[in-house]
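Residues per chain, in single letters:
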Amino acid sequence: MIRVLNAKFISSSPSIKDAAEFALSEVVFLGRSNVGKSSLINALVNQKALAKSSSTPGKTQLINFFEVEFDERDDQSGEKTDKFKIMFVDLPGFGYAKVAKSKHEEWRRNLDEFLKFRSSIKLFVHLIDARHFDLDIDVNVNNYINEFLRPDQKILNFYTKADKLNQSSKSTVLKFDPNGTLVSTLNKVGIDKARELIVTRALGR
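Model, not experiment: these values are computed from the prediction.

Caption draft 1: The arrangement of the sheet that holds strand β3 (residues 63-73) in detail. An order of β1-β3-β4-β2-β5-β6-β7 is seen for the seven strands of this open sheet, with the pairing classed as mixed. Where the open sheet ends on each side, the last strands, each with one partner, are β1 (2-13) and β7 (181-182). Where β1 lies against β3, 10 bridges are found, and the strand directions are antiparallel. Looking at β3, one finds that Val4 is bridged to Phe70. Against the sheet, helix α5 (residues 191-202) engages β1, β2 (26-31), β3, β4 (80-90), β5 (121-129), β6 (154-160) and β7, with an angle of about 170 degrees to β6.

Caption draft 2: Spatial organisation of the pattern of salt bridges. What the rule picks out here adds up to 16 salt bridges. Between Glu72 and Arg205 there is a salt bridge, with the nearest N and O atoms lying 3.0 Å from each other. Of this pair, Glu72 sits in strand β3 while Arg205 sits in the segment after α5, and the two are 133 residues apart along the sequence. What makes Arg205 partly exposed here is its relative accessible area of 45%. With a closest N to O distance of 2.9 Å, Asp152 and Arg150 form a salt bridge. A relative accessible area of 34% means that Asp152 is categorised as partly exposed.

What counts and how
Residues numbered from 1 in each chain as written. Predicted model: local features only at pLDDT ≥ 70, side-chain atom pairs only at ≥ 80, totals over all residues. Heavy atoms only, no water. Pairing = 2+ DSSP bridges. Helix = DSSP H or I, 4+ residues; strand = E, 2+ residues; numbered from the N terminus. Contact = heavy atoms within 4.5 Å. Axes fitted to C-alpha atoms, helices over the stretch in contact; angles between N-to-C directions. Salt bridge = Lys/Arg side-chain N within 4 Å of Asp/Glu carboxyl O. Buried < 20%, exposed > 50% of the residue type's maximum accessible area, 1.4 Å probe, protein only.

Laid out in structure tokens, this is it:
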């Protein structure tokens, strides 16, 4: 059983050139604007406002770093077996930003560089709106990441806002992506499973 002990904001950076090295395994959260990225990060660390969401989709332009401390306990005895920290990295949302084309290009270059060359990234968490699970933009993101995925890296697909789906629609999503995980921050469905997957994959288990 994995529990969150503490989570705190560390820093923001506009690009990899300005980002500090933290000597921790990093988990990158990425997805379309308004997919619920901030809400999921907050749910995973049991806080309400660690990651801030903007009322204007696409407004957040910085790479935000959050240090999360966990402990692991034996499922039977409840005794602590390990304690560790992981860096959560919240990337700018893509898709809806109302900014100049030149600004979009700047963001794209910064993110491309960060994703491909940041050696401490061990896991990509791609958030996809469960109501619109097969959009080209999300399929393209998965293909893009898989093009440069290193042997020590993994990718997880989490389908957000699952509370808005009926059982039939949920089955359709999982048929489309059998390895995907349905999550909802509203009713906490899938959050514990998502946390376990993130930690085990980030630590290379």
